[in-house]
Structure formats: C-alpha cells, structure tokens
Amino acid sequence: MRGRFVGDAPCRDGYTGVRPAYTYGRDPDGVGALRAEAGAARAAGLDASFVTATGLPFPVAGAVKVEDQAQFHPLKYLRGLAADIVARGGSIHEGTRVTTLDDGDPCRLTTDSGATVSARHVVVATHHPVFDHALLAARLTQHRDLVIAGPLPAGLDPHGMYVTEEGGKRSVRTAPLDNGSRLLIVTGEAFTPGEGEDTEAGYARLQAWTGQHFPGFTVTHRWAAQDNSVTDTLPLIGRLPGSGQNVYVATGFAGWGMTGGVLLRRSSPPSSAARSNRARGSTTPPDSAPRCAPPQSSSRPSGTPASTSSRTTWTRSAKAPTDP
Ligand SMILES: Cc1cc2nc3c(=O)[nH]c(=O)nc-3n(C[C@H](O)[C@H](O)[C@H](O)COP(=O)(O)OP(=O)(O)OC[C@H]3O[C@@H](n4cnc5c(N)ncnc54)[C@H](O)[C@@H]3O)c2cc1C
C-alpha cells in the first residue's frame, strides 16, 4: 500500500510514515529470481527496483526494493476504523462469539449469550472461516511465525521493512516509540502448526539471530502469528458459496490481512456489490465455482492492489511476493 491517503481520516490515526520495503536474499543463487521479481513488480506499476544496497547491518546478494510503502500502528489504525464504524451508526460488540448463522433474508446470527442479530448482509471475516458450507478449509493451509519485539537504539534503525524466505524466514521492521527510540519487530521460524515444532528452540534461534545483527536489542514481547493461505496462493474474497446471496467471506490472506482487508472493502462490499450486480445485469457465478476476476485495466493508482472484480462474487487478488 503506498503512503498516500485520500480523505480517509480514520486511517491517518495509525499512520507512521512511508519506508521502502525490501525482499532480500543473501544467497547469490537467488539473485536471478529477485531481478525477475523486480521486473514483474515494475511491469505491474510498482515503483520497484533491484538493488544490492539496503539499510540492513549485513550484506545481501540482492533485493527487490519497493519505494514509499505506508507503515501503520495496527492498533491505532484499528481504533480509527472502529471509531468510523460507530460514527456511521454502527455498533461493535467485543467478546461476543457467533455460534450459528441462518443465511436467510434477513440473515440471523446467534451468539454464545443466546442473543440474536438480524442482518441483511453478513461478512465472515473470522480469519479462518467459522461458517464454511463450501469446505473452503480444504483449500486453506495454515502456517505460524514466531515474533519477537523490543526497543532498539534509534541509531540502529535499518530504515526500511525487510523480508527474506531464507533461513526459516526473517521479517524485520521498526516502529517509532515515544522516547525517540524504535521498536524492533522480527518474525521468522515459520512452521506448520501441529507438526511438533519446538517453539522454545525457535524463539531462541530468532533471538540469537536478532541479537547478532542488532546489538543492544532486548526482547520485551514475543508471540506467534498464525496465518492461512489458499493452496493457489490468492485470497478468497466474495460471496460464500452454499450460503445464499447475503453471506460473504474473506480469508486466505497469507499474512497480508491488513492490505487484504482494504481490498475486501474495495472489491466486494455487500451492498455495493449487490448494487453493481443489478446495475450491470450480471449473473452470479455458481456457488461452488469461485472465479477469478478479470484483470483490471485502468485507473487504479499505482501501488494499490490490482484486483477488483467487476462481476463481484469472487475476487482473487494479486499476492505480494512474500509474507510479511
Ligand atoms: C509482525 C506482523 C507483521 C505484519 N505485517 C503485515 C503487513 O505488512 N501487511 C499486511 O497486510 N498484513 C500484515 N500482517 C498480517 C495481518 O496482521 C493479519 O493478516 C491480519 O491481522 C488478519 O486479519 P483478519 O481480520 O483476517 O483476522 P484476525 O485479526 O484474526 O480477526 C478475526 C477476528 O474474528 C474473530 N472471530 C473468530 N471467530 C469468531 C466467531 N465465531 N464469532 C465472532 N468473532 C469471531 C476473532 O476473535 C478475531 O477478532 C502482519 C502480522 C504480523 C504479526
């Protein structure tokens, strides 16, 4: 996502500026692929280039550099979005698990307290779809990354966002702290949950790698992030097959849910989707057959996800080169 907002006040709350994003490799054998990736990104309209110099404290064989990527404080961003929902007349109920979904017209949702909610449209955006009449789960694979974070002296800031698939994957970024130093966030040691991974050993490897490259870094927080990916790598966004006309799903973001969430709103918002279907006189694809969106030709600003489906229902977004 490029660092540019067009009158979208809630998003500004969490915005911490733009930085270049690098997908790098230290193995010289991977340079050809990185060059090709840079070329493909440029051809897709991104401000991308192949480089060998980065802000990392170690040499790389090469990297794809994409300029001006927006960085957010995710919680502030979320608070901004939540405030916007309330300002537009919506209400948010935290700690409320939805247990059943009747996909009629209107839809009826039952919560774990027994309360019910009626809604004209429902979007199942629960990461892994909790209502899944189409067995989408069979097309989703799970992976988990370990994450460590802690303060870093500002002088060691690598001035960018970095990711590599090498060495069990490493993703490095920093965010501003109030005292002028930076919060270093490093993820890696990716694994498939349930396959017996020794997570303590994984945290130890991640911490050792980080300490080696960023002396002065201390771990203050650690957690694990679980993401799901679609077997053909493209997120599933659109009407939920097998669930009537008013239920939508968004899943399979492969670790790109913040950008993917924006894509969901841009591509298949229930009300505008219904409107645009009617306006175009288009038909809804069979429930069992998710479709690819036709390539978008036109006026999307450079750097925004290329995907909107003019026929709605199923949108397949272009996947970024690697997970964050
Ligand atoms: C260090 C790090 C860096 C990242 N960097 C990026 C990045 O640069 N760009 C990017 O796009 N993404 C990035 N991500 C990934 C991004 O944060 C996730 O993909 C995103 O948060 C997933 O959002 P989601 O809404 O799909 O799922 P979630 O955030 O998991 O939200 C799902 C919600 O559904 C609720 N829920 C589940 N079941 C029920 C139920 N039955 N009833 C009611 N509610 C239910 C859950 O409680 C939860 O609140 C990063 C992640 C990490 C950890």
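Position numbers for residues count from 1 along each chain, tracking the sequence in the order it is written. Given that this is a predicted model, residues contribute local features only at a pLDDT of at least 70 and side-chain atom pairs are listed and counted only at 80 or more, while totals for whole chains, interfaces and linings are drawn from all residues. To obtain the side-chain values, all non-hydrogen atoms of the structure were included, while hydrogens and water were left out.

## Things to note about the sheet that holds strand 5 (residues 107–111)
Paired through their backbone hydrogen bonds, the strands of a sheet run either parallel or antiparallel. Note the following rule: Pairing between strands is defined by DSSP: at least two bridges between them are needed. Numbering of helices and strands runs from the N terminus; a helix is a DSSP stretch of H or I covering at least four residues, while a strand is a stretch of E covering at least two. The axes are straight lines fitted to the C-alpha atoms, using for helices just the contacting stretch, and the angles between their N-to-C directions are given from 0 to 180°.
Spatial ordering of the open sheet is given by 4-5-6, a layout of three strands whose pairing is antiparallel. In this open sheet, the two strands that pair with only one neighbour each are strand 4 (98–102) and strand 6 (116–119). When strand polarity is set aside, the average angle formed by the axes of neighbouring strands in this sheet is 20 degrees. Two elements, strand 4 and strand 5, share four bridges in a ladder whose sense is antiparallel. By the bridge assignment for strand 5, Val 98 is matched with Thr 111.

## Overview of unusual backbone geometry
Across residues other than glycine, the phi torsion is negative in most instances, and most of the peptide bonds are trans. This is how the line gets drawn: Note on exposure labels: buried denotes an accessible area under 20% of the residue type's maximum, exposed denotes more than 50%, and partly exposed covers the range between, all computed with a 1.4 Å probe on protein chains only.
Residue Pro 106 follows Asp 105 across a cis peptide bond; omega there is 10 degrees. Backbone geometry at Lys 169 places phi at a positive 75 degrees, although glycine is not the residue there. Mapped onto the fold, Lys 169 is located in the loop between strand 9 (161–164) and strand 10 (170–176). Given a relative accessible area of 3%, Lys 169 falls into the buried group.

## Focus on the packing of aromatic side chains
The cut-off we apply is this: The rule is short: rings of Phe, Tyr and Trp, with Trp giving its six-membered ring, pair when the centres are within 6.5 Å, and they are stacked under 30 degrees, edge-to-face over 60, tilted in between. Comment: the charge-over-ring label is applied if NZ (Lys) or CZ (Arg) is within 6 Å of the ring centre and within 35 degrees of the ring normal.
Using the criterion set out here, one finds five aromatic pairs in the structure. Among the aromatic side chains, those forming a connected cluster through ring pairs are Tyr 15, Phe 72 and Tyr 77. The ring of Phe 50 has Arg 35 sitting right over it, with the charged end atom 4.2 Å from the ring centre. Here Arg 222 stacks its cationic end above the ring of Tyr 203, 4.0 Å away from the centre of that ring.

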